[in-house]
Amino acid sequence: MNKRMKAPERRASILAVAKVLFADRGYHGVSVDEIAKRLGVSPAVLYQHFDSKEILYESVLNEIGCQRESYVDVVVTGPDDFPSVLARMTMVYADSVIADPDYLRMEMQAMLEGALMAQRFFESRWKSFSDFIEVSLNELAQAGKVNQINPRLASLMFQGMLREVLYAKCIYHSEHYRDLSAKTLLEQLIQQFLITINYQGHS
Amino acid sequence: MMNTINLELDARGLNCPLPILRAKKSMSQLDNGQTLKILATDPGSVKDFESFCKQTGNELLQSEENNGEFVFLIKKPD
């Protein structure tokens, strides 16, 4: 391990290693000693950058939870109808998660542990996505283009279905879905969702 | 010089991509050279509208924040 690493680099390397360990075992399953050992430094070096394990954990959550997918391209690059925008948003979101599956684990653990920072995952990573579905479904229901459904619940259900696909492909490597690509599964999921809400936008 | 506002869009309380989607729709209702005013509350909208204008060729005349509310003026090119 390079002992002469500069402070920002050292901080980044601590966050990267801590993220992998926390993602794997949660806050309570990892000790500071273990993170230090994995980095090849003494725990004292860690404490120079983070006052406590709690603060280190919060910093990891903050970094991963505050990222924000940009959906500007999604809007600019194609048609505006609900299924098209939903499909493009889903792909942007899925690509971002597939590139960093630890996000899924951290999100789940933070929520289950009741970490205060868990709210950030909702606000930054998926509120805009679920809001888009909820607001659009409200408008479509008023226009008679979908069933009279609860848009909030439908939106959360979509997020749940999306996570099932992402967990199956990125975390569990589920055999059941082995022969289908994430893209194919997501396209099927969107089709299923549109059928279930009885989307009539094309008529 | 004051900018003439031809259309106003209230996107307060909405998160990306909804303000951008609505702005795109509103811009399509404008003639060339006309200006859309957008009100928003999503802090991410500052970057989003910059990027939107860059990608669509519209001109971002103004981007201001006032007590947590954002005002954007976007002009459709002549």
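Conventions adopted
Residues numbered from 1 in each chain as written. Chains lettered and ligands numbered in written order. Predicted model: local features only at pLDDT ≥ 70, side-chain atom pairs only at ≥ 80, totals over all residues. Helix = DSSP H or I, 4+ residues; strand = E, 2+ residues; numbered from the N terminus. Buried ≥ 20, exposed ≤ 12 C-beta atoms within 10 Å, placed from the backbone. Contact = placed C-beta atoms within 7 Å. Rg over C-alpha atoms; globule rule 2.2 N^0.38 Å. Pairing = 2+ DSSP bridges. Axes fitted to C-alpha atoms, helices over the stretch in contact; angles between N-to-C directions. Domains from an automatic or database assignment. Expected span 1.5 Å × (residues − 1). Parallel < 35°, antiparallel > 145°, perpendicular 65-115°, else oblique. Left-handed = near helix turned anticlockwise from the far one by under 90°.

Caption draft 1: Just the overall build of chain A, in detail. Helices and strands together make up the secondary structure of chain A, namely ten helices and zero strands. Along chain A, helices and strands appear, N-terminal first, in the series α-α-α-α-α-α-α-α-α-α. Principal-axis analysis of the C-alpha atoms places the extent of chain A at approximately 65 × 35 × 30 Å. Looking at chain A as a whole, 29% of its 203 residues qualify as buried. In chain A, of all internal contacts separated by at least 6 residues, the share reaching a separation of at least 24 is 63%.

Caption draft 2: Layout of the overall build of chain B. Across its full length, chain B carries two helices and four strands. Across chain B, helices and strands are ordered from the amino to the carboxyl terminus as β-α-β-α-β-β. A globule of 78 residues ought to have a C-alpha radius of gyration of about 12 Å, and chain B, at 11 Å, matches this closely. If you line up chain B on its principal axes, its C-alpha atoms span 30 × 25 × 20 Å.

Caption draft 3: Quick look at the sheet that holds strand S1 (residues 7-11) of chain B. Residue and element names in this part refer to chain B. As summarised here, the arrangement of the four strands in space is S1-S2-S4-S3, forming an open sheet in which the pairing is mixed. Either end of the sheet is taken by a strand with one partner, and the two such strands are S1 and strand S3 (59-66). Averaged over all adjacent pairs, the angle separating strand axes in this sheet is 15°, with direction ignored. Relative to strand S2 (residues 35-40), S1 is paired through five bridges, and the arrangement is parallel. Bridging across to S2, leucine 7 finds its partner in leucine 36. Relative to the sheet, helix H1 (residues 18-29) contacts S1, S2 and strand S4 (69-75), its axis offset from that of S1 by approximately 165°. Packed onto the sheet, helix H2 (residues 45-56) meets S2, S3 and S4 and runs at close to 175° relative to S3.

Caption draft 4: Looking closely at the interface of chain B and chain A. Of the residues lining the interface, 15 residues belong to chain B; the matching set on chain A comes to 15 residues. Elements with a contribution of two residues or more to the side of chain B that touches chain A: H1 and H2 of chain B.

Caption draft 5: Representation of unusual backbone geometry in the model. Along the chain, cysteine 16 of chain B connects to proline 17 of chain B via a cis peptide bond; the corresponding omega equals 10°. Here proline 17 of chain B lies in the loop between S1 and H1. The residue histidine 173 of chain A is not glycine, and still its phi comes out positive at about 45°. Relative to the elements of secondary structure, histidine 173 of chain A occurs in the loop between helix H9 (151-171) and helix H10 (182-196). Here asparagine 67 of chain B, not a glycine, exhibits a phi torsion of approximately 50°, which is positive.

Caption draft 6: The domain arrangement of chain A, seen in detail. Residues and elements named next belong to chain A. Entries for chain A in the domain assignment read domain 1 (7-64) and domain 2 (68-196). The C-alpha centroid of domain 2 is placed 30 Å from the C-alpha centroid of domain 1. If you look at the interface, domain 1 gives ten residues, while domain 2 gives ten residues. Of all elements in the fold, only helix H1 (7-25) and helix H4 (53-65) reach the threshold of two or more residues within the side of domain 1 that touches domain 2.

Caption draft 7: Here's a closer look at the pairing of S3 of chain B. All names here are of chain B. Of the strand pairs in this sheet, S3 and S4 are connected by seven bridges, and their pairing is antiparallel. Its bridge partner being in S4, glutamate 64 is matched across the sheet by valine 71. Hairpin connection from S3 to S4: two residues lie between these consecutive antiparallel strands, with asparagine 67 at a positive phi of about 50°.

Caption draft 8: Structural context of the environment of leucine 39 of chain B. Residue and element names in this part refer to chain B. Along the chain, leucine 39 falls in strand S2. Given 17 C-beta atoms within a 10 Å radius, leucine 39 is considered partly exposed. The residues contacting leucine 39, other than those within four sequence positions of it, are Asp10, Ala11, Arg12, Glu69 and Val71.

Caption draft 9: Spotlight on H1 of chain A. Residue and element names in this part refer to chain A. Compared with an ideal rise of 1.5 Å per residue, which puts 19 residues at 27 Å, H1 spans 27 Å between its outermost C-alpha atoms and is within 8% of the ideal. Taken together, the buried residues of H1 touch helix H2 (32-39), helix H3 (43-49), H4 and helix H7 (102-113). Once H1 finishes, glycine 26 follows within two positions and takes phi at roughly 80°, a positive value.

Caption draft 10: The packing of H9 of chain A against H10 of chain A, seen in detail. Residues and elements named next belong to chain A. The geometry of H9 relative to H10 is characterised by a closest axis approach of 10 Å and an angle of 160° between their N-to-C directions. On the basis of their axis angle, the class for H9 and H10 is roughly antiparallel. For the element pair H9 and H10, the recorded crossing hand is right-handed. Residues Phe158, Met161, Leu162, Val165 and Lys169 of H9 pack against Ala182, Leu185, Leu186, Leu189 and Phe193 of H10.

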